[in-house]
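# Coordinate inspection notes
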Amino acid sequence: FEKSLPSSSLSSSTPSKERKIINLDMGLHHRRMGHFNKTYLQLQSNQGDLGNVKLKGSTKDTCDTCRLVKATKRNPPKSRENESTATKPFQHVWTDLKGPLKADYYGNRHMVTFNDELTRFSVVYFCKTKDEVSERFKDYYKWVRAHGHQVELLTSDNAGELGGGEGKNQ
């Protein structure tokens, strides 16, 4: 598939001394070449690989596109931002009530979550009314006790999930 060309077609009609040097801006050539590495472009220019093109400008300037492409996201922290104050499972439990929601097949319009701070174990209960939330906490508390643990601190967003303190010390 190789085809040899006559030597006359490889050389320009004017001697190399008389060839007109074309000065191009480094940033422009960098963009035209698909954001090719500027150091390599300057090296090619200095070695004469670009013919009569000489590149002018700094190789240190980075364009916005290259800066954006090379940007990386920070790695997530290896530990939690706020370390748990609990030393035993289910010692500190967070609760939240969500609803009213669109009723499901069984007529439930609310859901209450209980999240253990230490293990991040979550339990979700569904309720038809907000009044059932304190009963769901009692069910959860019994479940925790049945597994040999004790809820020492229950935290909520003060939205009245437990009906004004019914769940304390039960």
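Data block above holds the structure.
Overview of the structure.

Each value, and the rule that gives it
- Residues numbered from 1 in each chain as written.
- Predicted model: local features only at pLDDT ≥ 70, side-chain atom pairs only at ≥ 80, totals over all residues.
- Heavy atoms only, no water.
- Pairing = 2+ DSSP bridges.
- Helix = DSSP H or I, 4+ residues; strand = E, 2+ residues; numbered from the N terminus.
- Axes fitted to C-alpha atoms, helices over the stretch in contact; angles between N-to-C directions.
- Contact = heavy atoms within 4.5 Å.
- Salt bridge = Lys/Arg side-chain N within 4 Å of Asp/Glu carboxyl O.
- Buried < 20%, exposed > 50% of the residue type's maximum accessible area, 1.4 Å probe, protein only.

Spatially, the four strands line up as an open sheet ordered 5-4-3-6, and their pairing is mixed. With partners counted over all chains shown, the strands left at the sheet margins are strand 5 (122-127) and strand 6 (153-155), one partner each. Neighbour-to-neighbour, the strand axes of this sheet turn through a mean angle of 20°, independent of strand direction. One ladder, built from three bridges, connects strand 3 (residues 92-98) with strand 6; its direction is parallel. Of the residues in strand 6, the one forming a bridge with His-92 is Leu-153. Where helix 5 (residues 133-146) meets the sheet, its contacts fall on strand 3, strand 4 (110-116), strand 5 and strand 6, and the angle it forms with strand 5 comes to roughly 145°.

For the coordinates displayed, the defined rule picks out six salt bridges. In this structure, Asp-96 engages Lys-98 in a salt bridge whose closest nitrogen and oxygen atoms are separated by 3.5 Å. By relative accessible area, which is 24% here, Asp-96 ends up partly exposed. Accessibility expressed as a relative area gives 30% for Lys-98, which makes it partly exposed. For Glu-132, the salt bridge goes to Arg-136, with nearest N and O atoms at 3.3 Å. The exposure class of Glu-132 is partly exposed, given its relative accessible area of 22%. Within the structure, one salt-bridge network assembled from shared partners comprises Glu-132, Arg-136 and Asp-139.

These figures capture arrangement, not role.
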